[in-house]
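Chain residues, written in single-letter form:
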Amino acid sequence: MKKPIYLDNAATTVTRQEVIEEMLPYFGEFYGNPSTVYSLGTASKQAEEKARQIIGDSLGVPAQDIYFTAGGTEADNWAIKATAEAYANKGKHIITSKIEHHAVLHTCQYLEQHGYEVTYLDVDEDGLISLDELKSAIRPDTILISIMFANNEIGTIEPIAKIGEIAKANGIIFHTDAVQAYGQLPINAQTMHIDMLSASGHKLNGPKGIGFLYIRKGLKLKSFIHGGAQERKRRAGTENVPGIVGLGKAAELAMETMQERTQKEIALRDHLIERVLKEIPYTRLNGHKTLRLPNNTNFCFQFIEGESMLMMLDMAGICGSSGSACTSGSLDPSHVLLAIGLPHEIAHGSLRLTLSYETTLEEIDYTVEQLKMIIEKLRAMSPLYADFIKKQNKSR
């Protein structure tokens with residue numbers, strides 16, 4: 001079978017060979033439990049701490065403020081639920097946005113069922129929150145602001161440093177879901193006044209099932225998972241040493257290659273956007289034109305249904321998606337696309353194509369050519385498109 005053209009890197013990424021090689025010894029040669037005192041366990045502990053240091057350095061924070069999790073979803077849950085519990089005496093009001101990942105939205109909805117109030121900020125047509133609306137939403141009982149660094153579907157980058165300033169000025173804890181941004185954008189948690197940050201290994205060419213939560217020193221967050229004394233008594237359970245090692249190596253590579261890699265991705269991204277908008281009529285680019293992730297494109301094609309488009313792309317050897325991989329089984333249109341003001345019938349025709357360091361110009365051009373044929377075929381079968389063309393012809 002010919003290798004597919006993989007353009008769904010927002011869903012997951014290939015684990016780099018260098019990462020796999022770094023992990024392998026910790027499945028066999030250095031398999032000791034890092035909580036033990038003998039040398040076999042000490043080797044695991046040292047590898048774990050090396051990864052922690054790499055990640056801390058990448059964010060400009062102390063290594064001891066990095067806590068390993070099973071991924072971004074756990075990190076989001078921990079940040080929000082633990083803050084709600086720890087600061088309930090101060091207040092029970094949380095601010096987030098309508099375009100957050102479901103790991104944040106569903107956690108906030110859970111807290112609403114337990115006596116907390118949540119303000120869900122609107123976004124504009126590009127997916128940006130309003131800083132004025134954020135300021136207006138703040139109340140004396142607001143304990144947490146949780147706004148994602150960059151959106152996982154439309155790629156829009158939020159004004160994180162300014163949000164951090166607002167949170168700090170009002171004495172409010174600021175959490176950001178940086179699952180899509182970490183490894184793609186420079187992040188300094190201290191200068192951006194970020195108190196907590198979530199990330200996941202498999203979004204930056206690392207392994208699945210591993211992530212981390214940065215928790216600024218001084219926050220009185222308690223354990224999310226109870227049991228042993230691992231992760232400085234804040235996250236129980238024997239550490240996933242191979243995963244941690246892999247995450248550390250992936251983070252190291254991501255930081256070393258970021259500038260060159262993202263410049264390449266931006267060039268290919270913009271080429272893809274230009275060709276699609278120029279060569280396929282009745283198409284819309286979703287997300288901000290420039291304030292977007294280097295590797296993200298998201299389009300809506302009028303008069304077609306997204307699932308059929310994805311199936312035909314797959315038959316052509318191209319992997320894409322209609323939005324978040326976490327909602328791929330849902331028939332409902334994307335909550336993100338609805339939040340930026342798109343009607344249901346247009347939101348249903350969405351396509352997200354996300355690039356990687358391995359993506360080539362030839363792959364992009366092949367994808368555009370296939371997409372042009374697929375959209376033409378689907379529109380030829382659409383009664384809505386036929387009616388639209390008739391009306392267009394009559395109006396001339």
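Shown above is the structure to which this text applies.
Residues numbered from 1 in each chain as written. Predicted model: local features only at pLDDT ≥ 70, side-chain atom pairs only at ≥ 80, totals over all residues. Heavy atoms only, no water.

A.B. asks: In this structure, what is going on with the sheet that holds strand 12 (residues 350-354)? I would like to understand it.
C.D. replies: Strands pair in a sheet through their backbones, by hydrogen bonds, and they do so in one of two ways: parallel or antiparallel. The strand order across the open sheet built from 3 strands is 9-10-12, with neighbouring strands paired in antiparallel fashion. Of all strands in the sheet, those bounded by a partner on one side alone are strand 9 (283-285) and strand 12. Strand-to-strand twist of the sheet, defined as the mean angle between neighbouring strand axes without regard to direction, takes the value 25°. Helix 9 (residues 306-315) rests against strand 10 (296-301) and strand 12 of the sheet, and its axis sits at about 40° to strand 12. (Pairing = 2+ DSSP bridges. Helix = DSSP H or I, 4+ residues; strand = E, 2+ residues; numbered from the N terminus. Axes fitted to C-alpha atoms, helices over the stretch in contact; angles between N-to-C directions. Contact = heavy atoms within 4.5 Å.)

A.B. asks: Explanation requested: unusual backbone geometry in the structure shown.
C.D. replies: Backbone geometry at His193 places phi at a positive 60°, although glycine is not the residue there. Considering the arrangement of structural elements, one finds His193 in the loop between strand 6 (173-177) and strand 7 (196-200). Residue His193 is classed as partly exposed on the basis of its relative accessible area, which comes to 24%. With a phi angle near 50°, Glu231 is a residue other than glycine that sits in the positive phi range. Mapped onto the secondary structure, Glu231 falls in helix 7 (residues 230-233). (Buried < 20%, exposed > 50% of the residue type's maximum accessible area, 1.4 Å probe, protein only.)

A.B. asks: Hey, could you run me through the sheet that holds strand 3 (residues 93-97) in this one?
C.D. replies: Pairing is mixed in the open sheet, where 7 strands are placed in the order 2-8-7-6-5-3-4. The sheet terminates laterally at strand 2 (66-69) and strand 4 (117-121), the two strands that pair on one side only. Averaged over all pairs of adjacent strands, the angle between their axes in this sheet comes to 20°, without regard to strand direction. Bridge analysis of strand 6 against strand 7 gives 3 bridges, and the strand direction is parallel. Within strand 7, the position partnered with Asp177 by the bridge is Ser198. Against the sheet, helix 3 (residues 72-86) engages strand 2, strand 3, strand 5 (142-146), strand 6, strand 7 and strand 8 (211-215), with an angle of about 160° to strand 7. Against the sheet, helix 4 (residues 102-112) makes contact with strand 3, strand 4, strand 5 and strand 6, and its axis sits at roughly 145° relative to strand 4, the strand it touches most.

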